[in-house]
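# Coordinate inspection notes
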Amino acid sequence: MPLMMSEEGFENDESDYHTLPRARISQRRRGLEWFICGGWKFLCTSCSDWLINICRRKKDLKARTVWLGCPEKCEEKYPKNAIKNQKYNIFTFIPGVLYEQFKFFLNLYFLVVSCSQFVPALKIGYLYTYWAPLGFVLTVTVVREAVDEFRRYKRDKEMNSQLYSKLTVRGKVQVKSSDIQVGDLIIVEKNQRIPSDMVFLRTSEKTGSCFIRTDQLDGETDWKLKVAVSCTQRLPALGDLFSINAYVYAQKPQLDIHSFEGTFTREDSDPAVHESLSIENTLWASTVVASGTVIGVVIYTGKETRSVMNTSNPKNKVGLLDLELNQLTKALFLALVALSVVMVTLQGFVGPWYRNLFRFLLLFSYIIPISLRVNLDMGKAAYGWMIMKDDNIPGTVVRTSTIPEELGRLVYLLTDKTGTLTQNEMIFKRLHLGTVSYGTDTMDEIQSHIINSYSQVHSQNSGNSTSSTPSRKPQSSAPKVRKSVSSRIHEAVKAIALCHNVTPVYESRAGVSAETEYAEVDQDFSDENRTYQASSPDEVALVQWTESVGLTLVNRDLTSMQLKTPGGHILTYYILQIFPFTSESKRMGIIVRDESSGEITFYMKGADVAMSTIVQYNDWLEEECGNMAREGLRTLVVAKKSLTEEQYQDFEIWMLTGDKLETATCIAKSSHLVSRNQDIHIFRPVATRGEAHLELNAFRRKHDCALVISGDSLEVCLKYYEHEFVELACQCPAVVCCRCSPTQKAHIVKLLQHHTGKRTCAIGDGGNDVSMIQAADCGIGIEGKEGKQASLAADFSITQFKHIGRLLMVHGRNSYKRSAALGQFVMHRGLIISTMQAVFSSVFYFASVPLYQGFLMVGYATIYTMFPVFSLVLDQDVKPEMALLYPELYKDLTKGRSLSFKTFLIWVLISIYQGGILMYGALLLFESEFVHVVAISFTALILTELLMVALTIRTWHWLMVVAEFLSLGCYVASLAFLNEYFGIGRVSFGAFLDVAFITTVTFLWKVSAITVVSCLPLYILKYLKRKFSPPSYSKLTS
């Protein structure tokens, strides 16, 4: 739909932000706020934008005059016709990736800490203890981005290298898609993608028109009829396009995919020929030719094409969990600074206190553990692997591995309706004739009736229809004699075979030269070579069904159609009048004359609500339609009436135009988005501020009512009453927007994000959904009939819409809860050791001396505790079946209670309690063997961590048990083999571990006592909380 209601509004209304050029939007968003909040970030982005603008100046878009076949006559230089989906180039890749990483406080902090170790006075441990984890995180990120970027490059290259035939004075030449220029005459074959925006000059179809598929542009699966410019279509031969002196005047490139203004002028004729051009004379890029061969003149290329202008640039998506953890690390950093200042203050600011302050900052730097990023990134990879290996959702691909937790935080689900929900596969399931019904298992009976019917004398068949008779679900109009079942079936099938807008298409024979532009003689009319084309898949399904039972549509033009009987006879019917389907009438009709008998028949089909008042009263139609609808079938009522010549002459011709509101409403009901007894408010079309105001007030008075609105009306509402409309829409149980442009879809997503602050998910299966998918916090693409464009641009790609339930309820829920537990546990692991360091330093007269050496610190974060802590990614609170059965469990997650400042504070208090108990316990119980304090406290610390993992786990997995014992075994082994590391402070202190000492009963019971005191109260608290205030999931599992 047009983004603005008129050209004037598009150019002049500066207040509406999405009418501004993109460069201006980005400039408005940057300002004083950025400069104050992040000067370095502002500096980086400003410099990069300045460089980009120097390299690629934005020019104003202008209307143009395009001479046929003469690109050299173009007054300006137009963009290259290349598709580019890459985020970086060879120069910006490393800086770009590093910028994306270090704009987060967590990573920037690690970088500063690691760099500080190059200063001798500040060196605390070994360089590898700081640089190894940071290097690992960065390497993984760079490799992942490089792989994604290379895949995008390959996809782009494949599209840009597609070959097309270009018409020149010397004949046809092959040209790459990326080399096509404004003014070129391009030939596009059937089923070939149109490479750029063109004006339709000529077609091989004798009607002078062709069908194109636009699903990758606007998401609509019905084929669009396009009409060639009559002046060029009438030329005798293809080469004559170069013998005329003609040009196209085209408006400036626009976002609106549903309108076009231009003129075609031929100067060398007398008088000069002027033809106005509209949307029906255009062939937009990314659409596909569905019939015949077309020739067009290129008017827009590259980033000026409608499809590219409606596609937003991909953004780097960051999960809400990552943002929340980033906030928590800032809080931890403040705690770290405060603790360091307290230690320096207690020292009395003696000597070079500022150096001591920095050393304390480094000593306590484990408060913000770098292993947090390592564990979370590995966890994300594990969730992605689990999603792709799930047999219940086969074919699912995780394309953005950084946001699996987002699947568990979604509040708004925005889905493309047309093909995403219906799969665009229509199959004829049932025929009901009032007294008799046929299903898929009894279609052979219909076939035998048809064969018997047409095997009789043709004249008898024609004479049978003397009055209105029923077909699919109608009642006969006052029948004098009850017709036989066979006769009724015959009439019904014939009605379905004639009442439609379907055209049979035959492929040209292989090897026929393309020069024979109108060579119908060389076409193959056999059944195997026939395909049907129509604006709706429903109609094709009906005609395919009549073919399967014996009555085949073999030919159709503007004035007649021909059916083939089972015996091979051809029946010809002249088309006298067609009444197209509209949303207002909810039906379509056709009047035909039988060539053999001269009989005129009016056939009509439509929705049961529209047809029930037209057909003769009966007691079964409404009931049977209701039964079929409850089964999820789309019902259609077909009726006929025989007309005399006089009745036909008196017939009043009507024609209405409409939109797709009815289709949207039907699909919303059939997909149970809206329950059948729920009110639906259809927002009437509005074009002005006043109309929008009145309609919004009318809608405000409705309660618990689903909303259906068209793209046009939506645009007017958002222009004048954006905040009010979004507020009302968010209160609805469901909202259906129909006839939306790709840009509008993305705009709706951004509005929800801006006004509600909640997480959004966009689901689509066509190229027109790409902008929406990229704008949403989480994009899901479905590989469907509409190609792979949406699935390639999405964060998650699935094969069927029904898989979304499991993806969100099971994998999304688990990913979020596991990452929340994992993130907080890793923080707890850093906090507890920092608490012990603080206690140790205070006992040692506030000396900035490390309690544990570098290797022990690395071992603590890796082999001693990593496997049990990381095994939390296997934890689950409820079984997958239970999570799917109770969607309320998912709703709980949207409140974000698994990771909040409250839960974080609880973990901080636990860490301080345990760290204090472990260190003071070690000092208290081992007063006589003070030299062994490191071994004692470290052993108790490891045991406490292993027990805390066991306390956190809700459902045990055999790998968790293995991880616990493996870590314990690794620690016991290192006690024996790495005893030189277990002295106090540095090795130079001269305190070494006595292997005999750790095997004594005294050592074992004292370590056990400290461990029990640090863990037992927490186990008791957990038991009491679970008993008196159980979480929602425990009620289901008990």
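Quantities reported herein were computed from a predicted structural model and do not represent experimental measurements. (Residues numbered from 1 in each chain as written. Predicted model: local features only at pLDDT ≥ 70, side-chain atom pairs only at ≥ 80, totals over all residues. Heavy atoms only, no water.)

### Some remarks on the overall build of the protein
A count of helices and strands for the protein gives 39 helices and 31 strands. A fraction of 72% describes how many contacts in the protein between residues 6 or more apart in sequence connect residues 24 or more apart. As displayed, the protein offers around 47,800 Å² of accessible surface, 59% of which is attributable to carbon and sulfur atoms. (Helix = DSSP H or I, 4+ residues; strand = E, 2+ residues; numbered from the N terminus. Contact = heavy atoms within 4.5 Å. Areas by Shrake-Rupley, 256 points an atom, 1.4 Å probe, with all protein chains shown as cover.)

### Digging into a nonpolar patch on the surface
Taken together, L947, V1012, L1016, Y1019, I1020, Y1023, L1024 and F1028 make up a surface patch of nonpolar side chains, about 780 Å² in accessible area. It is helix 38 (residues 1001–1028) that provides the largest number of residues to the nonpolar patch, a total of 7 residues. Looking at where L1016 falls in the secondary structure, it is placed in helix 38. (Patch = residues over 30% accessible without salt bridge, like charges linked within 9 Å, V, L, I, M, F, W, Y side chains within 5 Å. Salt bridge = Lys/Arg side-chain N within 4 Å of Asp/Glu carboxyl O.)

### Structural notes on the UniProt feature "binding site: Mg(2+)" (unreviewed entry) in the protein
Those places that UniProt annotates as "binding site: Mg(2+)" (unreviewed entry) correspond, in this numbering, to D416, T418, D765 and D769. The class of D416 is buried, set by a relative accessible area of 5%. Here D765 shows up in the loop between strand 29 (759–764) and helix 27 (770–775). (UniProt positions renumbered as here; feature names shortened; annotations may be inferred. Buried < 20%, exposed > 50% of the residue type's maximum accessible area, 1.4 Å probe, protein only.)

### Let's talk about the packing of helix 6 (residues 105–116) against helix 7 (residues 128–160)
At a minimum axis distance of 9 Å, the contact between helix 6 and helix 7 shows a crossing angle of 145°. Here helix 6 and helix 7 pass one another in a crossing that is left-handed. The residues of helix 7 that touch helix 6, namely those facing F110, L111, V113, S114 and C115, are Y130, W131 and L134. The residue inventory of the contact of helix 6 with helix 7, partitioned by class, reads 7 nonpolar, 1 polar and no charged. (Axes fitted to C-alpha atoms, helices over the stretch in contact; angles between N-to-C directions. Left-handed = near helix turned anticlockwise from the far one by under 90°. Nonpolar A, V, L, I, M, F, W, Y, C, P; charged D, E, K, R; others polar.)

### Observations regarding the pattern of salt bridges
Tallied over the full model, the rule gives 26 salt bridges. The closest approach of N and O atoms between R152 and E149, which form a salt bridge, is 2.7 Å. Taken together, the residues span about one helical turn, with R152 and E149 both in helix 7 at a distance of 3 residues. In terms of burial, R152 and E149 fall into one category: buried. Across the salt bridge formed by R684 and E695, the nearest N and O atoms sit 3.0 Å from each other. You can see R684 sitting in the loop between strand 26 (680–682) and helix 23 (689–700) and its partner E695 sitting in helix 23, a full 11 residues away along the chain. Take R684: its relative accessible area is 39%, and that puts it in the partly exposed class.

### A word on the packing of aromatic side chains
Counting across every chain of the model gives 20 aromatic pairs. Where F938 meets Y971, the ring centres are 5.9 Å apart and the plane angle is 40°; that geometry is what we call tilted. With F938 in helix 35 (residues 933–952) and Y971 in helix 36 (residues 958–977), this residue pair connects regions lying 33 residues apart in the sequence. Aromatic rings pair up to connect F105, Y109, F110 and F333 into one cluster. Directly above the aromatic system of W67 lies the positively charged group of K73, at a separation of 4.3 Å from the ring centroid. (Phe/Tyr/Trp six-rings, centres within 6.5 Å; stacked < 30°, edge-to-face > 60°. Lys NZ or Arg CZ within 6 Å of the ring centre and 35° of its normal.)

### Structural notes on the confidence of the model for the protein
Keep in mind that low pLDDT regions are not for reading the predicted coordinates in detail. When pLDDT is averaged along the protein, the result is 81; 84% of the residues meet or exceed 70. Across residues 461–482 the pLDDT falls below 50, and counting only partners more than four positions away or on other chains, this stretch makes 73 contacts in the model. A low-confidence stretch, residues 983–992 stays under pLDDT 50, and its non-local contacts, those more than four residues away or across chains, total 24 contacts. (pLDDT = per-residue confidence, 0-100.)

### Overview of the nonpolar core
Residues L407, I780, F796 and L807 are the most contacted members of the largest nonpolar core, which totals 73 residues. A per-element tally of this core places helix 29 (residues 803–843) first, with 12 residues. Aside from chain neighbours lying at most four places away, what touches F796 is I387, V397, V398, T400, I403, P404, L407, C778, G779, I780, G781 and L807. (Core = buried A, V, L, I, M, F, W, Y, C linked by side-chain atoms within 4.5 Å.)

### Quick notes on the sheet that holds strand 7 (residues 224–227)
Strand order across the open sheet formed by 3 strands is 7-6-12, with antiparallel pairing between neighbours. In this open sheet, the two edge strands, each paired with only one partner strand, are strand 7 and strand 12 (288–289). Alignment of strand 6 (residues 209–213) against strand 12, held across 2 bridges, turns out to be antiparallel. Within strand 12, the residue paired with R213 across the bridge is V288. (Pairing = 2+ DSSP bridges.)

### Topic: helix 24 (residues 711–720)
Every α-helical turn comprises 3.6 residues, leaving residues that sit three or four positions apart pointing alike. For helix 24, a buried count of 7 out of 10 residues is recorded, marking the element as mostly surrounded by other parts of the structure. Taken together, the buried positions of helix 24 are occupied by G711, S713, L714, E715, V716, C717 and L718. Structurally, helix 24 contributes buried residues whose contacts are with helix 23, strand 27 (706–710), helix 25 (722–730), strand 28 (735–738) and helix 26 (742–756).

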